[in-house]
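# Observations on the three-dimensional arrangement
Now for the letters of each chain:
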Amino acid sequence: MSASPAVNIVPFPQKRPRRAKRNSMTFLTPDEVLAVLKVAKQRSARDHAMILLGYRHGLRASEICGLKLAQIDLRNRQIDIPRLKGSLRTCQPLSEHKGDNRSLFDEIVVLKRWLGERVEDGSGYIFLSQKGGALSRKQFFCQFRAIALAAGVAPEKAHPHSLKHSRATNLIAKGVGLMEVKTLLGHKSISSTVQYIGVSDQQASEAARRADAEMF
C-alpha cells in the first residue's frame, strides 16, 4: 500500500494585537483646569504662565514653547499667535480676570509675575529652559504631565494637547458659538471646530438634570 502524499499545512497569519490608541480628544473639565493651574502656580511662575496661555488661547505645545517676547504686548494687552499645522495666525487680547480665581486666571498678573523672574538670555523666547534658550516640546510635556498627575488628572489626560481640546470643549459646553471658538483656535475650516461638539456621558446627564430642574 503506497504512502499518502505529504500535505503542506499553511498556518493562518496571526493578527498583531492592536495597540491601545490614545484618545486625541481627551479634555480637562473646568475643575481639573483649576486644579492643574493651582499646582502649576505652586511649582513655578513659568509653568503657571505656560499652561494658562496654552489653555486661554488653545495653543499646541510647540506653539507655547515657540512664543517670543516680541509677540507679547503688555501695554496694549494682546498676544500675536503664529499658529502651526496650517492654522490661522491670530492676534488676541490678554484676558484679565475679576473672579475669585484672579491669581490663577488673570493673564496680565500671571505674565508679569513670570517676566519679573525671567533671566534675560538674549534668545528672545518667553519660556526658557534652565540652561537658557526655549524650553523644548519634550521638556514641556514632562513638566505638564508631572503637574497634571499631581493635580489628580487621569494619566491619559495628562498631555499638553489636552489644553487645546479643553478650551474648545468647555467653551462650547457653556454655549459659546462655533464661529467664536473657530476664531479663537485659529481654525481655517469650521469642520475642525465641529469635532468638539461631542460631549461625555457625564456632561449629557448633567445637562438633562438641569433641564429637568427647570421644567418640573
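Residues numbered from 1 in each chain as written. Predicted model: local features only at pLDDT ≥ 70, side-chain atom pairs only at ≥ 80, totals over all residues. Heavy atoms only, no water.

### Examining the nonpolar core
In terms of nonpolar packing, the biggest core is built from 39 residues, with Val36, Ile51, Phe105, Phe127, Phe140 and Phe144 touching the most fellow members. Elements supplying a minimum of two residues to this core: helix 1 (30-43), helix 2 (45-56), helix 3 (61-65), strand 2 (78-81), helix 4 (102-105), helix 5 (107-117) and helix 6 (137-150). Considering each element in turn, this core owes the most residues, seven residues, to helix 2. Setting aside residues no more than four positions away along its own chain, phenylalanine 127 makes contact with Arg46, Ala49, Met50, Leu53, Ile64, Leu67, Trp114, Gly133, Ala134 and Leu135. With six residues, the next largest nonpolar core counts Ala168, Leu171, Ile172 and Val181 among its residues. (Core = buried A, V, L, I, M, F, W, Y, C linked by side-chain atoms within 4.5 Å. Buried < 20%, exposed > 50% of the residue type's maximum accessible area, 1.4 Å probe, protein only. Helix = DSSP H or I, 4+ residues; strand = E, 2+ residues; numbered from the N terminus. Contact = heavy atoms within 4.5 Å.)

### Some remarks on helix 7 (residues 162-173)
The end-to-end C-alpha distance of helix 7, which contains 12 residues, comes to 16 Å, matching closely the 16 Å that a straight helix rising 1.5 Å per residue would cover. When we look at burial in helix 7, the residues that qualify are Ser162, Leu163, Lys164, His165, Ser166, Arg167, Ala168, Thr169, Asn170, Leu171 and Ile172. Once helix 7 ends, the next one or two residues include glycine 175, with phi positive near 95°. (Expected span 1.5 Å × (residues − 1).)

### Remarks on the packing of helix 2 against helix 5
At a closest axis distance of 9 Å, the pairing of helix 2 and helix 5 adopts a crossing angle of 145°. Between helix 2 and helix 5 lies a crossing whose hand is left-handed. Contacts between helix 2 and helix 5 involve Ala45, Arg46, His48, Ala49, Leu52, Leu53 and Arg56 on the former and, on the latter, Glu107, Val110, Leu111, Arg113, Trp114 and Glu117. Residues of the contact of helix 2 with helix 5, tallied by class, amount to seven nonpolar, one polar and five charged. (Axes fitted to C-alpha atoms, helices over the stretch in contact; angles between N-to-C directions. Left-handed = near helix turned anticlockwise from the far one by under 90°. Nonpolar A, V, L, I, M, F, W, Y, C, P; charged D, E, K, R; others polar.)

### Digging into the pattern of salt bridges
In this structure the tally under the stated criterion is nine salt bridges. When the shortest N-O distance is used, the salt bridge between aspartate 47 and arginine 43 registers 3.9 Å. Looking at aspartate 47, the relative accessible area reads 4%, which means it is buried. The salt bridge partner of arginine 118 is aspartate 121, with a shortest N-O separation of 3.8 Å. Judged by its relative accessible area of 11%, arginine 118 falls in the buried class. Here aspartate 121 falls in the partly exposed class, since its relative accessible area comes to 33%. When salt bridges that share partners are traced, they join Arg43, Arg46 and Asp47 into one network. (Salt bridge = Lys/Arg side-chain N within 4 Å of Asp/Glu carboxyl O.)

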